[in-house]
Amino acid sequence: MTPLQLSSNDLLADRRADYAEMLFASGEHAAAAELMLGALELAPNWAMGWFRAGEMHEAAGQAEAAAAAWRMSLKLEPADRPGATLKLQLIGAAPAADSPPSAFVEMLFDQYAEKFDHALVETLHYRVPELLTAAIAATGRNAFDHAVDLGCGTGLMGVKLRPVAQRLDGYDISAEMLRKARDKGVYDRLEKADLQKLEFSGEAADLVTAADVFMYLGALDRVFARVVKMLAPDGLFAFSVERLAGEGVFELQGSRRYAHSEAYVHGLIAAAGLRLLSLDRAVIRQDRREPVEGLIVVTERTA
């Protein structure tokens, strides 16, 4: 994938953008947005600049100007790697969608890969691999012929699965994440794949995991249908979601991640013909120093 253009490639425009960032950091959001628009007069085709201008307008309470800037970003970058579509949804300027742009998810994790392990484990106190591993062990199953780690990232879940899996495969949308996972040396096979479009044709798995993945997918019915096709009879499917409190099935959060309700998860399990073995609430990470509650779920495909 071509790197997202973080610079305008115009020296004067970049200088104005840098000053805008300084103003923004000092809390002068409206002034920052105005100066960023000045930079964009010199570099009108800079998609990431328009996206950033939208964020500055948003912080200044200028919702209409923010929406206009994000629409311009989307016009210039139709694949939407910056995630303008999600920003428009969050301010009510676009209809809610079932899933985020795949290009946004791919770019997000490509950019995050280098610092992913440290940021997630040390800073955000990420606990899903440990929690899922314990939930799987609680079923009494401690050996698997073939395990599949969906959205494997850098391999944090894979490290936990390796001791109990004779064969371990990983799938992820981000080439950079896969490169980091390959360095860990715990997978027998790694493949780049968009989980929203994954067509699985390999050997059936007796364990499929999705650790901290579904918050980047939104609607999960098609993914669950694909997982069932992967599973051998009596195979386990263990996954996590961020828990949505209150009404609804799933909802896009300000973090641009999706939260899913317990009722929605129960409905997915029933519709897929899976049997629920365990569902537990737990704090799965920190976000802006606040605990994020999730659901740790283990299901079984009935024979």
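All values derive from a computational prediction rather than experimental measurement.

The rules behind these values
Residues numbered from 1 in each chain as written. Predicted model: local features only at pLDDT ≥ 70, side-chain atom pairs only at ≥ 80, totals over all residues. Heavy atoms only, no water. UniProt positions renumbered as here; feature names shortened; annotations may be inferred. Helix = DSSP H or I, 4+ residues; strand = E, 2+ residues; numbered from the N terminus. Buried < 20%, exposed > 50% of the residue type's maximum accessible area, 1.4 Å probe, protein only. Lys, Arg positive; Asp, Glu negative; His and termini not counted. Salt bridge = Lys/Arg side-chain N within 4 Å of Asp/Glu carboxyl O. Polar contact = N/O pair within 3.5 Å; in protein donor to acceptor, adjacent residues only side chain to side chain. Contact = heavy atoms within 4.5 Å. Pairing = 2+ DSSP bridges. Right-handed = clockwise from strand over helix to strand, strands pointing away. 1 Å grid on protein atoms, 1.4 Å probe; cavity = no way out; pocket = protein on both sides within 12 Å on 5 of 7 lines; lining within 4 Å. Points joined across faces, edges and corners; volume = space filled by probe spheres on them. Phe/Tyr/Trp six-rings, centres within 6.5 Å; stacked < 30°, edge-to-face > 60°. Lys NZ or Arg CZ within 6 Å of the ring centre and 35° of its normal.

(A) Up close: the UniProt feature "domain: Methyltransferase type" (unreviewed entry) in the chain. In the numbering used here, UniProt assigns the feature "domain: Methyltransferase type" (unreviewed entry) to residues 148-239. For the annotated span residues 148-239, helix accounts for 28% and strand for 33% of the residues, and the straight-line distance between the end C-alpha atoms is 12 Å.

(B) Region of the structure containing the side chain of Asp-172. With respect to the element layout, Asp-172 can be found in strand β2 (residues 165-172). For Asp-172, which is buried and forms no salt bridge, the nearest opposite charge comes from Lys-192, at a distance of 8.1 Å. Here Cys-152 takes part through its backbone nitrogen, which lies 3.3 Å from a polar atom of the side chain of Asp-172. Among the polar contacts made by the side chain of Asp-172, one reaches the main-chain amide nitrogen of Gly-153 at a distance of 2.8 Å. Residues in contact with Asp-172, not counting those within four places in the same chain, are Gly-151, Cys-152, Gly-153, Met-177, Leu-178, Glu-191, Lys-192 and Ala-193.

(C) Molecular detail of the pattern of salt bridges. Applying the stated criterion across every chain yields a total of 23 salt bridges. We note a salt bridge from Arg-179 to Glu-114, for which the minimum N-O separation is 3.3 Å. Remark: Glu-114 occurs in the loop between α6 (102-112) and α7 (116-123) and Arg-179 occurs in helix α10 (residues 175-184); sequence separation between them is 65 residues. Its relative accessible area of 34% is what places Arg-179 among the partly exposed residues. A residue is classified by how much of its surface remains accessible, and Glu-114, at 57% relative accessible area, is exposed. Shared partners join several salt bridges into a network, and the residues in it are Glu-21, Arg-52, Glu-55, Glu-58 and Lys-87.

(D) Layout of the pairing of strand β1 (residues 144-150). Burial within β1 is extensive, with six of its seven residues counted as buried. In the sheet, β1 pairs with β2 via six bridges, with the strands oriented parallel. Bridged to Leu-150 within β2 is Tyr-171. The parallel pair β1 and β2 is bridged by helix α9 (residues 156-161), and the resulting crossover is right-handed. As paired elements, β1 and strand β4 (residues 205-210) share four bridges and run parallel to each other. The residue of β4 that forms the bridge with Val-148 is Val-208.

(E) Local environment of the layout of surface pockets. Of the voids in this model, the largest pocket is the one considered here, and its volume is about 1,200 Å³. Lining of the largest pocket is provided by 50 residues; of these, Phe-104, Leu-108, Phe-109, Tyr-112 and Tyr-216 occupy positions nearest its centre. Elements with a minimum of two residues in the lining of the largest pocket: α3 (47-59), α6, α7, β1, α9 and β8 (274-287). Counting residues per element, the lining of the largest pocket draws most heavily on α6, at eight residues. If you trace the second largest pocket, you find 14 residues lining it, with Glu-242, Gln-253, Ser-255, Arg-257 and Val-292 closest to the centre. Those elements that place two or more of their residues in the lining of the second largest pocket are β5 (231-243) and β9 (290-301).

(F) Spatial organisation of the packing of aromatic side chains. Within this structure, the stated rule accounts for 11 aromatic pairs. Considering the side-chain rings of Phe-109 and Tyr-216, the 5.0 Å spacing of their centres and the 85° angle between planes classify their relative orientation as edge-to-face. Of this pair, Phe-109 sits in helix α6 while Tyr-216 is found in the loop between β4 and α11 (221-230), placing the two residues 107 residues apart along the sequence. Of the two residues, Phe-109 and Tyr-216, both sit in the buried class. Considering the side-chain rings of Phe-214 and Phe-237, the 6.3 Å spacing of their centres and the 70° angle between planes classify their relative orientation as edge-to-face. With Phe-214 in the loop between β4 and α11 and Phe-237 in strand β5, the pair connects residues that are 23 residues apart, well separated along the chain. For Phe-214, a relative accessible area of 0% corresponds to the buried category. Three or more aromatic residues joined by ring pairs form one cluster here, namely Phe-214, Phe-224, Phe-237 and Phe-239. Over the ring of Phe-24 we find Arg-52; its NZ or CZ atom is 4.5 Å from the centre of that ring.

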